[in-house]
Amino acid sequence: MKILAIETSCDDTSIAVIEARSKKGADFNILSDLVSSQIEIHKEWGGVYPTLAKREHQRNLTYVLKKALKESSLLKIKKASKVKGSKLKAINSILKREPELLKKLIPFFEKYEKPDIDLISVTIGPGLEPCLWVGINFAKALSYLFNIPVVGVNHIESHILVNLLNNKCLFPAVCLVVSGGHTQLILMKGIGKYKIIGETKDDAAGECFDKAAKILGLGYPGGPVISKNAEGNTTSEIKLPRPMIYSKDYDFSFSGLKTAVLYSWQEIKTSRRKKILKQMCYEIQEAIVDVLIKKTIKAAYDYKAKTIILGGGVSANERLRKQLKEKVRGEFQLLIPKKNLSTDNAVMAGISGFYQRSKKTPWRKLKAKANLRI
Ligand code: KG4
Ligand code: ZN
């Protein structure tokens, strides 16, 4: 079974083609995995600017699709034929809010044959609504024009299920999903069986990295740049709080940490800042990682989990990965995605689509759900 996956929930235009080699899952072949990042565009604004992101998705999608199909050896030129009549009318209606995308997709459809794809999988939420809609309308247009079934998937579930690329998971599992918009601890009793047992009361862990980096003048996105600056340090003269580390629940709070970064940074004389920047980055990373790990391991013991699953952009953090491996000490199965599959990508949406394949939706019914919960 070949799945074409589309993921545009934030600022990455991602398309992948994956092949499921077994009906049972946990055995996928990645035929292509493309991510067109908009970081350079959003850097100027210090964060993701939704209308700009929507425009970029419109501009990129057809090109990224073509490249993904080509890399998968699924792009075949046909005898050119015009899209006209009722088809043209329908496609105009599906993409009425994405005129730039429409302009690019029609010539694509006129030039290439229906690819050998069995299912289209597209992220419907959570995420930035204008961005989600571009991917969804693109999926609708492809589903309609090529007559391929489509399924809508949850971005958070995809961050979890990407760990099943080539692994079987022992249940129950405790999943820590840490991204720019989410920090959740999820009890997973099986695929599709989730319960949120804790989450952040305010900022997400990735958001804390991003906001702290902004305070320190390090630019966007904050996680990778703070992590880079933290490298090589082992101590810090600045001490930051570990919010809620000993609370009895599984919730988090990171906005106080961000404020603590702001106040301590303001107290440091400008002339000393350059010298102390790396220590500050080290301490921010330690504070975030300490809290995430403490709560995750506590949840894993309390719920008698067999597996700990990590997912979301922050799971690309080297310190988090290493510390978690050390602290788990082989007591739980530990599943961590490869770094390129930690941050947003479409492979994860493809894997999610595979497990949701019985829940195909008529393309007309697909809708963006910006606040979708797992
Ligand atoms: O999952 P993701 O790619 O997008 C969302 O769904 O939000 O996560 C993006 C977040 C950003 O906040 C970014 O700063 C963070 O992941 N991130 C990292 C690292 N790479 C990305 N945080 C810490 N260390 C990293 N290496
Ligand atoms: Zn994400």
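Residues numbered from 1 in each chain as written. Chains lettered and ligands numbered in written order. Predicted model: local features only at pLDDT ≥ 70, side-chain atom pairs only at ≥ 80, totals over all residues. Heavy atoms only, no water.

Overview of the packing of helix H3 (residues 85-94) against helix H4 (residues 99-111)
Here is step 1 of the chain: The geometry of H3 relative to H4 is characterised by a closest axis approach of 11 Å and an angle of 145° between their N-to-C directions. Remark: the crossing between H3 and H4 carries right-handed chirality. Between H3, through Lys-87, Leu-88, Ile-91 and Asn-92, and H4, the contact on the second element is made entirely by Leu-102, Ile-106 and Phe-109. (Axes fitted to C-alpha atoms, helices over the stretch in contact; angles between N-to-C directions. Helix = DSSP H or I, 4+ residues; strand = E, 2+ residues; numbered from the N terminus. Left-handed = near helix turned anticlockwise from the far one by under 90°. Contact = heavy atoms within 4.5 Å.)

Some thoughts on the domain arrangement of the chain
In many reports, interface size means the accessible area that the parts give up when they come together.
Here is step 1 of the chain: Domain boundaries assigned for the chain yield domain 1 (2-158 + 343-365) and domain 2 (166-336).
Here is step 2 of the chain: Computed from C-alpha coordinates alone, the two centres of domain 1 and domain 2 are separated by 31 Å.
Here is step 3 of the chain: Listed per partner, the contact involves 16 residues of domain 1 and 15 residues of domain 2.
Here is step 4 of the chain: Counting the surface lost from both domain 1 and domain 2, the interface buries some 1,200 Å², and carbon and sulfur atoms represent 66% of this. (Domains from an automatic or database assignment. Buried area = accessible area lost by both parts, 1.4 Å probe.)

A few points about the pairing of strand S1 (residues 2-7)
Here is step 1 of the chain: Counted residue by residue, S1 has six buried out of six residues, so it is predominantly covered.
Here is step 2 of the chain: Here S1 runs beside strand S2 (residues 12-20); their pairing, made up of six bridges, is antiparallel. Bridging across to S2, Leu-4 finds its partner in Val-17.
Here is step 3 of the chain: Linking S1 back to S2 in an antiparallel pair, the connection comprises four residues.
Here is step 4 of the chain: Bridge count between S1 and strand S4 (residues 119-125): four bridges; the pairing is parallel. Bridging across to S4, Ile-3 finds its partner in Leu-119. (Buried < 20%, exposed > 50% of the residue type's maximum accessible area, 1.4 Å probe, protein only. Pairing = 2+ DSSP bridges.)

A look at the coordination of the zinc ion (ligand 2)
Here is step 1 of the chain: Of the protein atoms, only His-155 (NE2), His-159 (NE2) and Asp-344 (OD) coordinate the zinc ion (ligand 2), at distances of 2.1 Å.
Here is step 2 of the chain: For Asp-344, a relative accessible area of 16% puts it in the buried group. (Donors = N, O, S within 2.8 Å, 3.2 Å for Na, K, Ca; no water.)

Things to note about the site of ligand 1
Here is step 1 of the chain: Around ligand 1 sit 19 residues, and of these Gly-180, Asp-210, Gly-313, Asn-317 and Asp-344 come closest.
Here is step 2 of the chain: Separating an oxygen atom of ligand 1 from a backbone N or O atom of Gly-313 is a distance of 3.0 Å.
Here is step 3 of the chain: Contacts to ligand 1 include Asn-317, whose side-chain N or O atom sits 3.0 Å from a nitrogen atom.
Here is step 4 of the chain: Coverage of ligand 1 by the protein chains reaches 88% of its 550 Å² of free accessible surface.
Here is step 5 of the chain: At the level of secondary structure, the elements contributing two or more residues to the shell around ligand 1 comprise helix H6 (155-161), helix H7 (205-215) and helix H8 (222-230).
Here is step 6 of the chain: Taken together, the residues of the shell around ligand 1 break down into five nonpolar, 12 polar and two charged.
Here is step 7 of the chain: When residues of the shell around ligand 1 are assigned to domains, at least three fall in each of domain 1 (2-158 + 343-365) and domain 2 (166-336). (Near = heavy atom within 4 Å. Polar contact = N/O pair within 3.5 Å; in protein donor to acceptor, adjacent residues only side chain to side chain. Areas by Shrake-Rupley, 256 points an atom, 1.4 Å probe, with all protein chains shown as cover. Nonpolar A, V, L, I, M, F, W, Y, C, P; charged D, E, K, R; others polar.)

A look at the nonpolar core
Here is step 1 of the chain: Formed by 49 residues in total, the largest nonpolar core has its most connected members in Ile-284, Ile-288 and Leu-292.
Here is step 2 of the chain: Of all the elements, helix H10 (residues 270-302) adds the most residues to this core, at 15 residues.
Here is step 3 of the chain: Excluding residues within four positions of it along the chain, Ile-288 makes contact with Ala-205, Cys-208, Phe-209, Phe-254 and Leu-257.
Here is step 4 of the chain: Counting 40 residues, the second-largest nonpolar core is a separate cluster that includes Val-17, Val-64, Ile-136 and Trp-363. (Core = buried A, V, L, I, M, F, W, Y, C linked by side-chain atoms within 4.5 Å.)

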